[in-house]
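# Results of the structural survey
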Amino acid sequence: MNQPMDQARNVVILGSGPAGLTAAIYTARANLAPLVLEGEPSSTTDQPGGQLMLTTEVENYPGFAEGIMGPELMATFRSQAARFGAELVTEKATRVDVSSRPFGIWVGDPEAAEPTYRASSVIVSTGARSIMLGLEAESRLLGRGLSTCATCDGFFHQGSDIAVVGGGDSALEEALFLTKFAATVTVIHRRNELRASKIMQERAFKNEKITFRWDTVVEDLEGDGALEGARLRNVKTGETARLTVSGMFIAIGHRPNTDLFRGILDMDDGGYLRTRPGSTFTNVEGVFAAGDVQDHTYRQAITAAGSGCMAAIDAERWLEAQGDAPGDLAETPTEW
Ligand code: NAP
């Protein structure tokens, strides 16, 4: 099923989170023999696989009534893609040239004269990452009380005292959502004025469960197996304090992984790839974007997977229109 190295691939998928692997499942089942550059292990995970590799229990992914651990869910995606012939390589693209077709993709030395792979189409699903505070304890406690997603993890904090860090719309949205579960929510903000919209501020100020720690930063987190508290410092007075919390949500912004595409693909001010509304088409014909790399609104595994499916269908139809798709599309599963 794998294509020879020197031949242009029908489709190369960049990234191996829910979007990339769903695109791999669908394009593999359409006989497109996709190649997935799944990325490389990072300082916080020993395997690529996106943000779910940093998550413990996932309870909101449909189909798993009892919940599933994030890394296990990604292993399931991976083996499903491999079962249909997707080729997965643990490599990271270092340069992409989409100025002419077939497109060029480099791994390793970006200055090499020839690309490592050539592709008739590319699905970009390189994801996004939450901006973190930069504390050493964060990697130890992420998924163990420390979280970047209230929708995902709020439910685990029924009746608890928890905190949210940040002063933007995300922080207040998370704080308001978390009041459905928590006994108290402390919003920790580094200034004495919120960046969030007035309407969100009003809602948060009105909510009796929410209190604010102004001019305050988190200096350290406490707890080994699970978060137990935080050490805070007032940036104006220098005063320090301990806050006992079993949950903390970091909501200080996200950064899409789009550095490779700067000046190449259209992106918004935040660096998110722009796609044609209702589709995964980017501004370059034959390049599609799926998952968090083009979504700063929903950011859920299920929405990323859904847009990975869309990208696979868009790519397959586009290739077919170009006359590049493999001959026997009659074998394409009918549920497409
Ligand atoms: P944001 O607007 O950039 O706000 C980030 C917040 O985090 C700011 O209050 C910032 O403090 C703080 N911060 C940044 N770095 C920090 C650090 N190292 N330590 C402590 N605090 C830090 O990001 P966002 O809230 O994720 O929102 C992103 C965009 O999405 C915005 O345009 C927002 O309006 C939009 N959004 C809209 C909604 C909605 O309408 N329902 C919901 C969510 C997001 P400073 O204020 O001091 O800079």
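Residues numbered from 1 in each chain as written. Predicted model: local features only at pLDDT ≥ 70, side-chain atom pairs only at ≥ 80, totals over all residues. Heavy atoms only, no water.

### Notes on the sheet that holds strand E17 (residues 247-250)
Condition: The criterion for strand pairing is that DSSP finds at least two bridges linking the strands in question. Secondary structure is summarised from DSSP: a helix means a run of H or I of at least four residues, a strand means a run of E of at least two, and numbering begins at the N terminus for each. Two residues qualify as a contact provided that any one of their heavy atoms is within 4.5 Å of a heavy atom in the partner residue. Lines fitted to the C-alpha atoms define the axes, with helices restricted to the stretch that makes contact. Angles between their N-to-C directions range from 0 to 180 degrees.
Reading across the sheet, the five strands line up as E10-E17-E11-E12-E13 and stay open at both edges, with parallel pairing between neighbours. Two strands bound the open sheet, and with one partner strand each, they are strand E10 (146-147) and strand E13 (210-213). The pairing of strand E12 (residues 184-188) with E13 spans four bridges and is parallel. Following the sheet pairing, Ile 188 is matched in E13 by Arg 213. Lying over the sheet, helix H5 (residues 169-178) contacts strand E11 (161-165), E12, E13 and E17, oriented at roughly 165° with respect to E11.

### Here we look at the environment of Arg 213
Heads up, the rule is: Relative accessibility under 20% of the residue-type maximum defines a buried residue, over 50% an exposed one, and the middle range a partly exposed one, all with a 1.4 Å probe and only protein chains included.
Along the chain, the position of Arg 213 falls in strand E13. Using a relative accessible area of 30% as the deciding quantity, one classes Arg 213 as partly exposed. When the C-alpha atoms of Arg 213 and Asn 234 are compared, they prove to be 8.6 Å apart, with 21 residues separating the residues in sequence. If near-sequence neighbours (up to four positions away) are discounted, Arg 213 is found in contact with Thr 186, Val 187, Ile 188, His 189, Leu 232, Ala 241 and Leu 243.

### Quick notes on the sheet that holds strand E14 (residues 216-222)
Read across the open sheet, the three strands follow the order E14-E15-E16; overall the sheet is antiparallel. The open sheet is flanked by E14 and strand E16 (240-244), the only strands paired with a single partner. Strand-to-strand twist of the sheet, defined as the mean angle between neighbouring strand axes without regard to direction, takes the value 30°. In the sheet, strand E15 (residues 229-234) pairs with E16 via five bridges, with the strands oriented antiparallel. Within the sheet, the bridge partner assigned to Gly 229 lies in E16 and is Thr 244.

### A few points about the state of the cysteines
Applicable threshold: In plain terms, two cysteine sulfur atoms within 2.5 Å form what is called a disulfide here.
The full count for this structure, using the stated rule, is one disulfide. Paired through a disulfide, Cys 149 and Cys 152 show a sulfur-sulfur distance of 2.1 Å. Across the S-S bond of Cys 149 and Cys 152 the torsion is about 75°, and the bridge reads as right-handed. Residue class for Cys 149 comes out buried when judged on its relative accessible area of 14%. Using a relative accessible area of 24% as the deciding quantity, one classes Cys 152 as partly exposed.

### Description of the side chain of Glu 174
Heads up, the condition is: Charge convention: Lys and Arg are scored as positive, Asp and Glu as negative, and His as well as the terminal groups of each chain are ignored. Definition used for salt bridges: Asp or Glu carboxyl oxygen within 4 Å of a side-chain nitrogen of Lys or Arg.
Turning to its location among the elements, Glu 174 is positioned in helix H5. An unpaired buried charge is present at Glu 174: no salt bridge exists, and Arg 299, the closest side chain of opposite charge, is 6.8 Å distant. Not counting chain neighbours up to four residues away, the residues in contact with Glu 174 comprise Thr 148, Cys 149, Ala 150, Val 164 and Ala 251.

### Considering the nonpolar core
Defined as follows: Residues grouped as a nonpolar core are buried Ala, Val, Leu, Ile, Met, Phe, Trp, Tyr and Cys residues, joined through side-chain atoms within 4.5 Å.
Counting residues in each nonpolar core, the largest one holds 34 residues, and the members touching the most others are Ile 13, Tyr 61, Leu 73, Phe 77, Ile 123 and Phe 288. If you list the elements that add at least two residues to this core, you get strand E1 (9-14), helix H1 (18-29), helix H2 (70-83) and helix H7 (301-322). Residue contributions to this core peak at eight residues, all from H7. If we ignore the near neighbours within four places in the chain, the residues touching Phe 77 are Pro 18, Leu 21, Thr 22, Ile 25, Tyr 61 and Ala 305. Membership of the second largest hydrophobic core comes to 23 residues, among which are Val 12, Val 122, Leu 273 and Val 293.

### Description of the domain arrangement of the chain
Keep this limit in mind: What counts as a domain boundary in this text is fixed by an automatic or database domain assignment. Once two parts are put together, the accessible area they lose, assessed with a 1.4 Å probe and summed over both, is termed the buried area. Throughout this description, a polar contact denotes any pair of N or O atoms lying within 3.5 Å of each other; where both atoms belong to protein, one of them has to be capable of donating a hydrogen while the other can accept it, and for residues adjacent in sequence the pair is counted only when both atoms sit in side chains. Each residue gets one label: Ala, Val, Leu, Ile, Met, Phe, Trp, Tyr, Cys and Pro are nonpolar, Asp, Glu, Lys and Arg are charged, and the others, such as Gly, are polar.
Splitting the chain by domain gives domain 1 (9-130 + 254-322) and domain 2 (137-250). Contact with domain 1, which involves nine residues of that partner, is made by 11 residues of domain 2. In total, about 790 Å² of surface goes out of reach between domain 1 and domain 2, with carbon and sulfur atoms giving 53% of it. For the pair domain 1 and domain 2, the number of links is zero salt bridges. Counting the contacts that link domain 1 with domain 2 gives one residue pair in polar contact (both at pLDDT 80 or more). A class-by-class count of the residues in the side of domain 1 that touches domain 2 yields one nonpolar, five polar and three charged.

### Digging into the site of the ligand
We count it as follows: Note on definitions. A residue lies near a molecule or strand when any single heavy atom of the residue is within 4 Å of it. Every accessible area reported is derived by Shrake-Rupley at a probe size of 1.4 Å, with residue values counting cover from the shown protein chains alone.
Taken together, 13 residues form the shell around the ligand, and within it Asp 169, Ser 170, Glu 173, Arg 191 and Arg 195 come nearest. Within the side chain of Asp 169, a nitrogen or oxygen atom sits 2.6 Å from an oxygen atom of the ligand. Within the side chain of Arg 191, one N or O atom sits 2.7 Å away from an oxygen atom of the ligand. When the free accessible area of the ligand is taken as 910 Å², the share hidden by the protein chains comes to 63%. When the residues that make up the shell around the ligand are grouped by side-chain class, the tally is two nonpolar, six polar and five charged.

### So, unusual backbone geometry
Cis geometry marks the peptide bond from Arg 101 to Pro 102, where omega comes out at -5°. With respect to the secondary-structure elements, Pro 102 resides in the loop between strand E6 (93-97) and strand E7 (103-107). Unlike most non-glycine residues, Asn 31 shows phi in positive territory, near 65°. Structurally, Asn 31 can be placed in the loop between H1 and strand E2 (35-37). The class of Asn 31 is partly exposed, set by a relative accessible area of 23%. The phi angle at Arg 299 is positive, at roughly 55°, despite the residue not being glycine.

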